[in-house]
Amino acid sequence: MAVVLPASVSAQVRIGAGIPTAPAPASTVDLTNYADPKEYEIGGLTVTGTRYLDPNSLVSLTGLKVGDKVRIPGDAIGSSIRKLMESGLLDDVELFATNVAENKVFLSFQVKDRPRLMKVNFTGIKKGEQESLKDKIKLNLGRVITPTVSKNTQLAVRKFFMDKGYLNTKVKTTVIPDSARNNATMRVLVDKGQKVKIRQIALNGRSEVDESKVRLKMKSTKEMRFGRVFTPSKFVPKKYEEDKQKLIAYYNKLGYRDATIESDSIINNGGNTIDLVMNLNEGTRYYIRNIDFEGNYLYTADKLREVLGLKKGDIYNTEDLEKRLNGDPGQDLSSVYMDDGYLYYNAQAIEKAIEGDSIDLEIRVFEGKQATINRVILNGNTKTSDHVVMRQIRTLPGQKFSKTNLIRTQRELATLGYFDPEKIGINPQPQGDGTVDIEYTVEEKPSDQIELSGGWGGFIGFVGTLGLTFNNFSARNITNWNAWRPLPAGDGQRVSIRFQANGKQFQTYSLSFVEPWLGGRKPNALSVSISSTVYRQYGADFYYSGSRNAVATGDYKNLAVTVGLGRQLKRPDDFFSLSHSLTYQRYNLNNIALFGNGYNNGISNNFTFNTTLSRNSIDNPQFPRSGSAFTVSGSFTPPYSIFRPKDFKPDAVDRYKFVEYHKWMFDATWYQTVVGKLVLSARAHMGFLGNYTKRTEIGPFERFVLGGSGLAGQGVFALAQDIVGLRGYPDRQVYTADNNRTVTSGVTSQGGVVYNKFVSELRYPVSLNPSATIFVLGFVEGGNNWGSYKQFNPFDIKRSAGVGARIFMPAFGLIGIDYGWGFDAIPGVQKANTGQFHFTIGQQIR
């Protein structure tokens, strides 16, 4: 005889004597008498009906075990069934008493498995949206489908589209079972409707702050307006909540400490638009009256007020106050203490009194004790040697703790280029004896680079470039074959090899080596480089008839060797560095009119001494957000003309046998975060080429060539010239109207003796991933170069503007593309002031 238990048990459950599939035989034992429940000992527990679950595990979920004494009917039986159902694994549970002997009962749970998710089908939306949804809601195949899973799926899909402005999205899920395999397909029907836009935003209670500024702070919540493209007026609840917080934060920055949004409402206009009503309470605008300090013993209150930089009558801005207390390394109040070892310093601003619109502040200072650095712990440098990292660290054992040195170390590690700058971790660990351990955590990133490019250069044939740069080379491990993976690395040296060929007409080879810490004790950098260039000039049969057996009618060869030594300075600060170099270049011209001045044959020797003073405080070499870089350099050849007689009248060969000039260069770059991730970059560049005596004219060597991408270009090479880019104009084509320019074989050979260039860019990062750092930019720039100082007018510049993008990949370096539009015509240059695309490889200095 079988009896159904009360409805409080959420499953069909029967307790009876006999096998479930056959009618129960008559029994004198009544197991369903609630008026007279009896106690039994469980003699056996079994689970049947499951195909995919472990029966023993299900038995353990019931809370019952063999040997337990239970009352039947009783709470323990109902509880066991509820526990199985609440597990979410089962669709149905039935309980049977298969045998009753004396005071023992044998129980069997007959269960039915819930279907498992085999596939998810979305209908009503695009394929791209389906892929995004699958990543968003993360419905793992094979999981059990429960009502909660279905409901959560509906909510996740609806939220996904609400965040895109589809406020009226409707979602319905249907489970289609496959009983043969106990699997099921979930079909998700989406009706996202149209985007809901904001017709009107009412700002009730606003009176003190200009309405346009209030609306500007709500960056993602905008009214419908004709022509609105970049800030659409769709309504996204999440963005709306964020904008409300930003609005209150803006009021707080203006001194409205008590500003609140007392209430807001959304009015549905019955279609695809809504109205927002916000009731503001701006409150009073507060000003600082008095600032007192409590707990300061090392520094006077006047000294701390000076560092804090706030005075009576200033607007009370809690965000700015917190930055002045703990926010700006080297300039905030915390740096005064922490840079002197007071690691445990703490300061809190307390509003001591509020009278009218005035607030008295009391800064309560806890100075603590000085902490000395005990250990420096380094983790994560799996490739770079410890000594390479440790020589960049400014916090050394035995020194007093310094917050500024801690931040400076983070910058130095980032500028090495070996580690992901976004993942450099600093963890000061105070010890019980008053010392502190500092743990630095880094994550290696690929730093070697390959430059591989090629193209067809028209009549001059194939143009190919192959360059390899190893930025973390180890020269001392060259003989250690176990260190070749594929090259010895980890000691911070740089080796660069580059080959460029323009068919048989132009070839150049270069090799350079840099040791940034010569001797290993001080940052004295040794650099050595050598390069060789060959350029051959052919007749018309080579260019137009396709003959590859043509004999060169003339050629130019160049050999250059440079040795340099630089060191880091400590004054005025340790961002400064000074470097010197000696260069020898040998130019060999054989029947080639490169200059158009009669110098077609001969050998020119160029001995140059260069000295460069620079300062670099840029925070991140891939995408700088702050800091600056300034460089002033001078290059000098021996003043041969001073020792020559006044009546010396050499021919072209003797005049240029020893190259003579002095050259001055100035480059300045400055970065500043404007708002959020938007960064302003401003640059200025100038160059001057001169002679030592009036008797000697400025020669054709080392002149400036301006225009285009700043690269030499296909089929064009630089004969001892400085090529400076100017986007929006053709390559090498920017010059003053009366500048004497000679064109030979399609190559502009003359250049200017003085140039200037000014650039302003707004940059925004798309991705800061170290494997592919990407940012877009907009620019305005202007520049010019002049053939003589009489023509020089720094305000006569060729202007341009445009947009571009940069991608930095560790294996290839920085690659860029720009589209610029020139605003000024250049006489003799067709289509100079039209749109130009420019492609760049590498970090362009100028």
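See above for the structure.
Here's what I pulled together on the structure shown here. (Residues numbered from 1 in each chain as written. Predicted model: local features only at pLDDT ≥ 70, side-chain atom pairs only at ≥ 80, totals over all residues. Heavy atoms only, no water.)

Before going further, it helps to examine the pattern of salt bridges. Scanning the model with the defined rule gives 42 salt bridges in all. With its nearest N and O atoms 3.1 Å apart, the salt bridge here joins E355 to R289. Pair noted here: E355 is in strand β14 (residues 346-355) and R289 is in strand β13 (residues 287-294), with a separation of 66 residues, a long-range link. E355 sits in the partly exposed class, given a relative accessible area of 47%. The exposure class of R289 is partly exposed, given its relative accessible area of 21%. One salt bridge connects K663 with E702, and the closest N-O pair in it is separated by 3.0 Å. Linking K663 in strand β28 (residues 662-675) with E702 in the loop between β29 (678-690) and β30 (704-706), this pair joins segments that are 39 residues apart in sequence. Judged by its relative accessible area of 12%, E702 falls in the buried class. A single salt-bridge network, built from bridges that share partners, covers R683, R727, E761, R763, E781, R806 and D818. (Salt bridge = Lys/Arg side-chain N within 4 Å of Asp/Glu carboxyl O. Helix = DSSP H or I, 4+ residues; strand = E, 2+ residues; numbered from the N terminus. Buried < 20%, exposed > 50% of the residue type's maximum accessible area, 1.4 Å probe, protein only.)

Turning next to the side chain of S80. Residue placement: S80 occurs in helix α2 (residues 75-86). If we skip the residues at most four places from it in the chain, S80 touches T62, L64 and F109. (Contact = heavy atoms within 4.5 Å.)

Strand order in this open sheet of three strands is β16-β18-β17, and the pairing throughout is mixed. Among the strands making up the open sheet, the edge pair consists of β16 (372-379) and β17 (425-430). Pairwise comparison of adjacent strand axes, ignoring direction, gives a mean angle of 20 degrees for this sheet. Examined bridge by bridge, β17 and strand β18 (residues 435-441) share six bridges and lie antiparallel to one another. Bridge pairing in β18 links N427 to E439. (Pairing = 2+ DSSP bridges. Axes fitted to C-alpha atoms, helices over the stretch in contact; angles between N-to-C directions.)

Ranked by size, the top nonpolar core spans 39 residues in total, and within it F293, Y345 and Y440 carry the most contacts. Considering each element in turn, this core owes the most residues, four residues, to strand β15 (residues 358-366). Residues in contact with Y440, not counting those within four places in the same chain, are V376, I377, L378, N379, I393, T395, L406, T409, L413, G425 and I426. Counting residues in hydrophobic clusters, the runner-up holds 30 residues, among them Y535, L594, V829 and A832. (Core = buried A, V, L, I, M, F, W, Y, C linked by side-chain atoms within 4.5 Å.)

What follows concerns the pairing of strand β12 (residues 273-281). Regular strands have side chains that alternate between both faces of the sheet. Among the nine residues of β12, seven are classified as buried, and the element is accordingly described as predominantly covered. Where strand β10 (residues 197-204) and β12 come together, seven bridges link them in parallel fashion. Note on β12: the bridge partner recorded for N204 is N279. Looking at chain direction, strand β11 (residues 260-268) and β12 are connected through eight bridges and run antiparallel. Looking at the pairing, I267 lines up with D275 of β12. The antiparallel hairpin formed by β11 and β12 contains four residues in its connecting segment, where G270 sits at a positive phi of about 85 degrees.

Everything listed is a geometric property; what it means functionally is a separate question.
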